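A closer look at the structure
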Amino acid sequence: MKLRKVTAASAAVIALALTATACGEGAAEKDAKGPEGGKGKITVGIKFDQPGIGQKTPQGYAGFDVDVAKFVAKELGYSEDQIEWKESKSADRENMLSRGDVDFIAASYSINDEREAKVDFAGPYLLAHQDLLVRADDDSIKSPEDLNSKKLCSVTGSTSAQNVKEKLAPKAQLQEYPTYSACLTGLQNGAVDALTTDDSILAGYAAQDSFKGKFKLTGLKLSNENYGIGVKEGSDLKAKINSALEKMVSDGAWEKAVAAHFGPANYKNEPAPKIGDIKK
Amino acid sequence: MFDFLEGYDLLGAFWATVQLTVYSAIGSLIWGTLLAGMRVGPVPLMRAFGTAYVNFVRNIPLTVIILFSSLGLYQTLGVDLGGDGIVQVISFRLSVLGLIVYTSAFVCEALRSGINTVPVGQAEAARALGLNFGQVLRLIVLPQAFRAAVAPLANVLIALTKNTTVAAVIGVAEASLLMKEMIENEAQLVLIGAVFAFGFVCLTLPTGLLMGLLGKKVAVKR
């Protein structure tokens, strides 16, 4: 009897936990009329906290992903003021798409098999690599092997952090913090030697006014990250977004956006990837 | 359905959670008892310190305390708690320190409520026998106070178990950090969340039941 009470109690607890998470995510308002709504709005998921990629500023939203999203939305027939921006944190992205909270997501969203099983990807529109950001006067990291004696910093649980732990430099010391900005403090005062994640994100940080000239990228290509635009599985948006991306590259808007957002950090970008060409 | 669990050291992560809990529980029990002693003691300065500490610390979010111990104590002030420059060890010790600092405020208050259940006559009788304050506290009041405080202390212990997840913000490889990694890789938010919620229930339910039994067994019958 006692035992049954315990099982019942734990079942209730789990059920509660499940409904609680479900509510938290479902609470987002569903005012999006859908992409075919004509005069309606289009809802786009971006990152709010990555300078250079997608950042919420007092003046509005800025970043490479934001420019791509604006271009794509324009090609789909929406003007800039018809775009409703939503923050899509890494862990939420698949759910936001499958629930229909957003029409598409451009948020440094690398294409991988697990994610492709849940959502469809248009693009890729940018080929990024995992790279290292070091102090401008530090020349000691020339190959991945040099990392084993270094202290690295990355965001808790991110793909880049796991890459370091498992593949690149298992002997390196990894400090994980919740945000890249927390890592930058340590990098500035010497508590860590390098900050690691996608070079596009690092370039965005290094290009910030307050950090100009203090940090540099090492240019090591430690992994391939193919940024794609996520859409709901089976959505007919995929083809339209793909042609929009092709147009963005062919009429030079892509080059301009790259130069504007990543240029100041001495970041050598890869040429625009072909649609569907995913580099493993 | 659960094949996404493959290749992850789930037990290892929860073991780290258990270690964090046990070390912090021992530390905060000791420091919390000392604080409670200060708060009921005869020296005004110590009373003031105890009151100030409790009211200050329990009103700071734990995340801030833990982040400060890493960014402030370690990275800026260079306090590494004998971690020998190994980031993982330092982070673990710093988060135990942060958890102790935070949890002991709650332990102190739980104990103080236990002390209040001991009839004043007990302390008066002890003093009449010639015991000094330390002896009254150690031999007469605290043993009875602990027996009355088992239930609120169980609450604190369960809260502590769950609070250890905050250690992930400075990169201690415990359960919630593994959860973040898995969510990043597997795109299975709800299922992974459920697995970890269940893991924590497995830790805290027995704690609650055992402490409940203990509380019944040692309760002072009045």
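Residues numbered from 1 in each chain as written. Chains lettered and ligands numbered in written order. Predicted model: local features only at pLDDT ≥ 70, side-chain atom pairs only at ≥ 80, totals over all residues. Heavy atoms only, no water.

**Some thoughts on the domain arrangement of chain A**
Residues and elements named next belong to chain A. We note that the domain assignment places domain 1 (33–127 + 225–265) and domain 2 (129–217) within chain A. With centres defined by C-alpha atoms, the gap from domain 1 to domain 2 works out at 26 Å. At the interface, 15 residues of domain 1 touch 13 residues of domain 2. A buried area of about 1100 Å², summed over both sides, lies between domain 1 and domain 2, and 59% of it is on carbon and sulfur atoms. At the junction of domain 1 and domain 2, the tally comes to zero salt bridges. Across the domain 1-domain 2 interface, the total number found is two residue pairs in polar contact (both at pLDDT 80 or more). Listing elements by their share of the side of domain 1 that touches domain 2, those giving two or more residues are β2 (49–50), β7 (120–135), β12 (224–231) and α9 (253–262). Its residues assigned to classes, the side of domain 1 that touches domain 2 shows eight nonpolar, five polar and two charged. (Domains from an automatic or database assignment. Contact = heavy atoms within 4.5 Å. Buried area = accessible area lost by both parts, 1.4 Å probe. Salt bridge = Lys/Arg side-chain N within 4 Å of Asp/Glu carboxyl O. Polar contact = N/O pair within 3.5 Å; in protein donor to acceptor, adjacent residues only side chain to side chain. Helix = DSSP H or I, 4+ residues; strand = E, 2+ residues; numbered from the N terminus. Nonpolar A, V, L, I, M, F, W, Y, C, P; charged D, E, K, R; others polar.)

**Section: the packing of aromatic side chains**
Counting across every chain of the model gives 13 aromatic pairs over all chains. Geometrically, the ring pair formed by Tyr61 of chain A and Trp85 of chain A is tilted, given 5.7 Å between the ring centres and 45° between the ring planes. Here Tyr61 of chain A, found in strand β4 (residues 60–62), pairs with Trp85 of chain A, found in strand β5 (residues 83–87); they are 24 residues apart in sequence, far enough to count as distant. We classify Tyr61 of chain A as partly exposed; its relative accessible area is 24%. Owing to a relative accessible area of 15%, Trp85 of chain A belongs among the buried residues under this scheme. On the numbers, 5.2 Å between centres and 55° between planes, the contact of Tyr102 of chain B with Phe106 of chain B is tilted. Of the two residues, Tyr102 of chain B and Phe106 of chain B both sit in helix α4 (residues 87–116), four residues apart, roughly one turn of that helix. Aromatic rings pair up to connect Phe64, Tyr125, Tyr227 and Trp254 of chain A into one cluster. (Phe/Tyr/Trp six-rings, centres within 6.5 Å; stacked < 30°, edge-to-face > 60°. Buried < 20%, exposed > 50% of the residue type's maximum accessible area, 1.4 Å probe, protein only.)

**Structural notes on the interface of chain B and chain A**
Interface size is commonly expressed as the accessible surface area that is lost when the partners come together. Taken together, the contacts link 32 residues of chain B with 33 residues of chain A. Surface buried jointly by chain B and chain A totals about 2700 Å² across both partners, of which 57% is contributed by carbon and sulfur atoms. Our enumeration of links across chain B and chain A arrives at one salt bridge. A salt bridge links Glu181 of chain B to Lys165 of chain A, with the nearest nitrogen and oxygen atoms 2.6 Å apart. Counting every contact that joins chain B to chain A gives seven residue pairs in polar contact (both at pLDDT 80 or more). Of all elements in the fold, only α3 (62–76), α4, α8 (175–186) and α9 (189–218) of chain B reach the threshold of two or more residues within the side of chain B that touches chain A. If you tally residues by element for the side of chain B that touches chain A, the top one is α9 of chain B, at eight residues. Per-class residue counts for the side of chain B that touches chain A are 19 nonpolar, nine polar and four charged.

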